[in-house]
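One-letter residues, chain by chain:
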Amino acid sequence: MKIFQKTFIAVFSCVLLIIILLSYILANSYINDSEKALIEQNRIYGQLISKQIEVGYLQSNWPYETLNNLSKRDSFDFWWVVKGDGAIYRSDNVSFMKTNAYDYFPQLKNQTNFDDTIYTNHGNNYGIYFKSFRYGGEVWTIWVGFSLSEISLATTNILITVALAFIFVLILLSAVLYVLVKSFTNPIVKLWNTVSEVATGNFNATSEIQSNDEIGQLASELNIMIKNLKDSRSKIEENSKMLEKLLAQKEAFINQLGHDLRTPLTPLVALLPMLEKEEHDAKRKMMFDIINRNVEYMTNLVTKTLDLAQLNSQDFDLNLVDTNLLDILNQSISLNKVRLDEKQMDIINNIPKDIMVFADKIRLQELFMNLLDNSMKYSPNKGAIILNAQPDRYSITISVQDSGLGMTPEQLSHIFEEFYKADPARHDFQSSGLGLSICKRIVEKHGGKIWVESEGLGKGTVFYFTLPISKKSADVFFDDKILHNNIDALLESKKNGSSK
């Protein structure tokens, strides 16, 4: 529903409700006033007749003039002089005389007080006024019957008049509201159209609203904002092109630098151990050891830098296949067996043997190698590394828990940044500060996420990451088509290049 329709319906409904309420109040007030006036007229006649009869006209001197005036009224029905037992002593119609009033109105038989009271019956459209007086030690009552048809007729006339006035006001109101609401909503619609144009990328759109109210000011501010957005977009596009160029240059520089560094490092890695082996002087052997460790650090740094650059490259692609998670993990543990034995560390492997993931085997092994290396590096001797895997409806969550140094919240917030070291004071030649950054890129390339938790320093660290579950494991654990669709979506994104 458009804003014009909403506003028109809301305002029209409120005004219509007010008009209906006022019409009801006025009509009801007029009807009540008419009924009160009619009753008051009959009250006056009843009181006058009863007073005149009471002062001496009961036998022969009836108040004929008063009764004639009463009988001439359009609403007059009858008048009775009724004794205490209900017998009609006098009447405008002789046929009622010497009959009993309660035979005609049995509902009044149990009424005890008739003095200056009114009985109305709107269903039969009549009313009776009662006025009591004493005569000869007895209580008598004047009954003055009158018709309420005048009230009904007045009510009908009022309703017709109100209906006609209501229709006229309704038409007039609709026309006035249409013009007012249109004048109010048209600028808003124009603003909306302008915003929609901008949302589609048309920064040449402007809002042509010439008014001195708040909407006019809003339109002016909107035009200024569109101009600023247009300028900002141009700058962003320029910066984006520059950034793409710089990234391409960075990638080319890193690749070239890596290859240039590898060239002299290759003979150093090959020849230095041979020279160290032939050297017998203790001081020189110690110097060779220092050189070897620095060369090893540089080789590791170059390898990791090139590896991360490859993962960040837009041309990089994964070789995704169904892979047994436990097999890859066992291979990674086997490759680290020497270091695990040196530190007398235990591996508590809780990974089920039948879990299959949809992953790149080489990159998955690299992921485990980096995480195991990190856990061993920052764990004390005789520590333990606990491995767990938990499948859910969409993926498998794997955890690598150690009993190492732990981390502070500040360290946790930077742990996956490139070249970040949790303890920069340590001169660790085996750490490049790139291992966890590489882990993050590998997991993200698989469409998963990685995070780390630690209760604090000295309380160990737990790395969590998710990988897509294979269709085989999906059938075993869940038998759910949604999981199949996840794999298909990952393959499709890989095909379209969105996983790059």
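Residues numbered from 1 in each chain as written. Predicted model: local features only at pLDDT ≥ 70, side-chain atom pairs only at ≥ 80, totals over all residues. Heavy atoms only, no water.

Student: Tell me about the packing of aromatic side chains, residues and numbers included.
Tutor: Tallied over the entire structure, the rule returns 18 aromatic pairs. Note on Phe114 and Phe130: the rings are 4.9 Å apart at their centroids and 70° apart in plane angle, and the pair reads as edge-to-face. Linking Phe114 in the loop between α3 (101-104) and β3 (117-121) with Phe130 in strand β4 (residues 126-135), this pair joins segments that are 16 residues apart in sequence. Of the two residues, Phe114 and Phe130, neither departs from the other in class, the shared state being buried. Here a set of aromatic residues connected by ring pairs shows up, and it is made of Phe78, Trp80, Phe96, Tyr102, Tyr104, Phe105, Phe114, Tyr119, Tyr126, Phe130 and Trp143. The positively charged end of Lys449 is found above the aromatic ring belonging to Trp451, 5.4 Å away from the centroid. (Phe/Tyr/Trp six-rings, centres within 6.5 Å; stacked < 30°, edge-to-face > 60°. Helix = DSSP H or I, 4+ residues; strand = E, 2+ residues; numbered from the N terminus. Buried < 20%, exposed > 50% of the residue type's maximum accessible area, 1.4 Å probe, protein only. Lys NZ or Arg CZ within 6 Å of the ring centre and 35° of its normal.)

Student: Explain the pattern of salt bridges to me, and be specific about the residues and the numbers.
Tutor: Pairing between side chains becomes possible if they bear opposite charge and their charged atoms approach one another. Tallied over the entire structure, the rule returns ten salt bridges. In this structure, Lys337 and Asp341 form a salt bridge, with 2.9 Å as the shortest nitrogen-oxygen distance. Of the two residues, Lys337 and Asp341 are both situated in helix α8 (residues 337-342); the distance of four residues between them amounts to about one turn of the helix. For Lys337, a relative accessible area of 46% puts it in the partly exposed group. The exposure class of Asp341 is partly exposed, given its relative accessible area of 46%. (Salt bridge = Lys/Arg side-chain N within 4 Å of Asp/Glu carboxyl O.)

Student: Help me get a handle on the sheet that holds strand β5 (residues 138-147), residues and values and all.
Tutor: Pairing within the open sheet is antiparallel, and its five strands lie in the order β2-β1-β5-β4-β3. Strands with a single pairing partner mark the edges of an open sheet, and in this sheet they are β2 (88-91) and β3. Mean inter-strand twist for the sheet, computed between neighbouring axes without regard to direction, equals 25°. Judged from the ten bridges that link them, β4 and β5 form a sheet pairing that is antiparallel. Note that in β5 the partner of Lys131 across the bridge is Ile142. Packing of helix α2 (residues 64-71) onto the sheet brings it into contact with β1 (76-82) and β5, and relative to β1 it is tilted by some 145°. (Pairing = 2+ DSSP bridges. Axes fitted to C-alpha atoms, helices over the stretch in contact; angles between N-to-C directions. Contact = heavy atoms within 4.5 Å.)

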